[in-house]
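A structural walkthrough
So you can see what is in the structure, the chains are spelled out below.
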Amino acid sequence: MCGIIGYIGKKQALPILVNGLRRLEYRGYDSAGVAISDGKKVARVRAMGKIDELANKLKPMTISGTVGIAHTRWATHGGVSEDNAHPHAACTDDLVIVHNGIIENYRELKDKFLKGHELKSQTDTEILAHLIEIFYKGNLTEAVRAALKEVRGTYGLVAMHSAEPDKLVAARLGSPLVIGVGDDEYFLASDTSPMLAHTKEVVFLDDGEIAEITPAGFKISNLNSKSVDKVSSKIDWDEASAQKQGFPHFMLKEIFDQPAVFMDAIRGRYNLAEGTAHLGGLNMTIEQMHKIRRVILLACGTASYASLVGKYAMERLAGIPTEVDVASEFRYRDPIIDHHTLVFGISQSGETADTLAALREAKRKGAYVRGIVNVIGSTMARETDGGTYMHAGPELAVASTKAYTNMLAVLILYAIQFGRLNRLTEATGERLIAALLEIPEKMKEVLALNDGIKKIAMKYKDSAGMLFLGRGVNYPVALEGSHKLKEISYIHSEAYPAGEMKHGANALLGPNFPVLAIITKNQLYEKMRSNVEEVKARYSPLILVATVGDESVSELADDIIYVPPTMELLEPLLNTIALQLFAYHSAVALGRDVDRPRNLAKSVTVE
Ligand code: G6P
């Protein structure tokens, strides 16, 4: 969602900020803006739409200055307009702020403090800017601190004042902020992507902290003025991995990244000879692990479909009852949890507000709470008592692909690790690990089908709707395939467990309603085949994802995508890639904004 970038140093701030905004585009936004101080006054420029609109507006202007803040906005309070775009100013442009999050008591604050202040936008952020102005007595840090004591809600904010041109003040509560440490220069951003080109040394702000940054250094304190010592971390993501590298879209590049980054997820975490896995970040003793009676996987969106595969793996390999809960439901359900429950939050960004809140609820109730996270240093990584990075590298397309497969990799490793404590034999563990090690080559075989899948996507792109079918471990694959298609192509689609069709969805079947069914060779193959025959009998066009060599299904299919065989539990690692490519090419054929689908954001930091 909204993105923040700030700069203070010796270089001209404008190009750094505009490039930084481009790196934040992937989060989703509807307007953008920048404010720069030249040491005397602040210049503020905003525009609706893409960063290019802002860049075009800036082109004829001469804006110089080595301190500035910029923002991509995703509308929450107030519609999409230039007035509502950030940076927001108080009564004059002398005091400007950018803000992510929601000020819940903005109406009360307005009534209590803002008499005589003229508001120019419908945003909660502008009220915060005026509030800081009211408390300003020559020290911006203290004004921000005083204002925030009045605020209820969430914020990641950066403020700047023309009277103190060598200072940026940042504060965080519930919305991430990172300081990038360069040579005599500092960056501030809502995630590390806009600063990777400049520095890999970062300091993550925690909730309740305020940072005062000057070209000479930074000081961090809390709302009660107590100073806080922080250590910096090194980010090992490189700038190149956050580029398209010749691919037309980030999504396609990220789909093709999968064989390589899959190995990053499993490397050093398995023991082939002993048929087991070891994820040290779990931070549990063998005794504690033995006492786990239930596992709960909490996630949103694609991560929740990856979690469903995790449930199959955990139950089948480790025999531990495992539930998957969509985080937004779990947090309000008064869930039943005890000290023998292990809860995992699964999240690419590690910042999804609902997942974070659900994990906090689980922690309050006494569960072991761990994270399976991609973004290094994200809130979830820091708030959980352990867990595992999925090491997918920067994922910038809104629709998740490589993070999904790496979530599966980590969940399967956890299932093997727990399984080896009880019912999983060394021989089966070894077979699983050996099969996991073959996955990257097999992924490449699926990726080689790209052109064929594109042709199939072109054929069905004008369908009004589609159905995805699977059984067993391929039911979550159908859910994810359907999710991908609707996210980026806007074609309505649903996923069904194939055995459930006769209880409702059969009524939809007919010549204008294509069905994509996953019918790979596993223990449910025969069952799936009967379901597919029923679909065929009702004249729906059929696209099948089948196992290489299975000629017998060709008589049923209008189109076939043949994927290599693997062990049943690992099939989602291959089958999903075929569906990712299908969704991608459908969206491209329809002229969609593949990397930034309408109304969706990469990182959903509000409820
Ligand atoms: C958003 C994104 C999805 C993602 C979901 C969960 O809705 O558009 O692609 O699956 O959030 O995100 P997380 O970062 O928690 O995995």
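Here the structure is a predicted model, which is why all the values come from computation and not from measurement.

1. Things to note about the site of the ligand
With respect to spatial proximity, 14 residues lie near the ligand, and among them Ser347, Gln348, Ser349, Thr352 and Ala601 are the closest. Contact between the ligand and Gln348: an oxygen atom at 2.7 Å from a main-chain N or O atom of the residue. Contacts to the ligand include Ser349, whose side-chain N or O atom sits 2.6 Å from an oxygen atom. For the ligand, whose free accessible area comes to 390 Å², the fraction covered by protein is 90%. When its residues are assigned to classes, the shell around the ligand shows 5 nonpolar, 7 polar and 2 charged.

2. Quick notes on the UniProt feature "domain: Glutamine amidotransferase type-2" (unreviewed entry) in the chain
Sites flagged by UniProt as "domain: Glutamine amidotransferase type-2" (unreviewed entry) map to residues 2-216. Along residues 2-216 the backbone is 23% helical and 31% strand, and the end-to-end C-alpha distance reaches 28 Å.

3. Here's the deal with the UniProt feature "domain: SIS" (unreviewed entry) in the chain
With numbering matched to this structure, UniProt assigns "domain: SIS" (unreviewed entry) to residues 285-426 and 456-597. With 44% helix and 19% strand, the stretch residues 285-426 has end C-alpha atoms that lie 20 Å from each other. The annotated region residues 456-597 carries 37% helix and 20% strand content, and the separation between its end C-alpha atoms amounts to 22 Å.

4. Overview of helix α15 (residues 450-460)
Think of an α-helix as turning once every 3.6 residues; residues three or four places apart then point the same way. Listed in full, the buried residues belonging to α15 are Asn450, Ile453, Ile456, Ala457 and Tyr460. Along α15, the residues classed as buried sweep out an arc of 125 degrees about the axis, all on the same side. Residues Asp451, Lys455 and Lys459 are exposed on α15 and point more than 90 degrees away from its buried face. In this fold, the buried residues of α15 make contact with α6 (250-256), α14 (426-447), β25 (542-547), β26 (559-563) and α18 (571-589).

5. Description of the pattern of salt bridges
Counting across every chain of the model gives 40 salt bridges. A salt bridge links Lys602 to Glu395; its shortest N-O distance comes to 2.5 Å. Here Lys602, found in the segment after α18, pairs with Glu395, found in the loop between β21 (387-389) and α13 (402-419); they are 207 residues apart in sequence, far enough to count as distant. For Lys602, a relative accessible area of 11% corresponds to the buried category.

6. A short note on the pairing of strand β1 (residues 3-8)
Within β1, 6 of the 6 residues are buried, which leaves it mostly tucked inside the rest of the structure. Of the two faces of β1, the one holding Gly3, Ile5 and Tyr7 and the one holding Ile4, Gly6 and Ile8 are both buried throughout. In this sheet, strand β4 (residues 67-73) lies alongside β1 in antiparallel orientation, the contact comprising 6 bridges. Opposite Tyr7, over in β4, you have Gly68 as the bridge partner. Inspection of the sheet shows β1 paired to strand β10 (residues 186-189) by 4 bridges, in the antiparallel sense. Following the sheet pairing, Gly6 is matched in β10 by Leu188.

7. A closer look at the nonpolar core
Judged by nonpolar contacts, the single largest core of 124 residues is most densely connected at Phe418, Leu570 and Phe582. Here the element with the most residues in this core is α13; it accounts for 13 residues. When residues no more than four places from it in sequence are discounted, the contact partners of Phe418 are Leu282, Met289, Ile292, Met314, Ala318, Ile320 and Leu342. Core analysis: the next-biggest nonpolar cluster, separate from the first, contains 26 residues, Ala90, Ile97, Ile103 and Leu157 among them.

8. Observations concerning the domain arrangement of the chain
Under the domain assignment used here, the chain contains domain 1 (3-235), domain 2 (250-442) and domain 3 (451-589). Domain 1 puts 8 residues into the contact, and the matching count from domain 2 is 9 residues. In total, domain 1 and domain 2 occlude about 760 Å² of area from one another, counting both sides; carbon and sulfur atoms represent 57% of this. Looking only at domain 1, the three residues that lose the most surface to domain 2 are Tyr26, Arg172 and Phe204, adding up to 55% of its buried area. Connecting domain 1 to domain 2 are 1 salt bridge. A salt bridge links Asp206 to Arg382; the shortest N-O distance between them is 2.4 Å. Inspection of the region where domain 1 meets domain 2 yields 2 residue pairs in polar contact (both at pLDDT 80 or more).

Rules used throughout
Residues numbered from 1 in each chain as written. Predicted model: local features only at pLDDT ≥ 70, side-chain atom pairs only at ≥ 80, totals over all residues. Heavy atoms only, no water. Near = heavy atom within 4 Å. Polar contact = N/O pair within 3.5 Å; in protein donor to acceptor, adjacent residues only side chain to side chain. Areas by Shrake-Rupley, 256 points an atom, 1.4 Å probe, with all protein chains shown as cover. Nonpolar A, V, L, I, M, F, W, Y, C, P; charged D, E, K, R; others polar. UniProt positions renumbered as here; feature names shortened; annotations may be inferred. Helix = DSSP H or I, 4+ residues; strand = E, 2+ residues; numbered from the N terminus. Buried < 20%, exposed > 50% of the residue type's maximum accessible area, 1.4 Å probe, protein only. Arc of directions from axis to C-beta. Contact = heavy atoms within 4.5 Å. Salt bridge = Lys/Arg side-chain N within 4 Å of Asp/Glu carboxyl O. Pairing = 2+ DSSP bridges. Core = buried A, V, L, I, M, F, W, Y, C linked by side-chain atoms within 4.5 Å. Domains from an automatic or database assignment. Buried area = accessible area lost by both parts, 1.4 Å probe.

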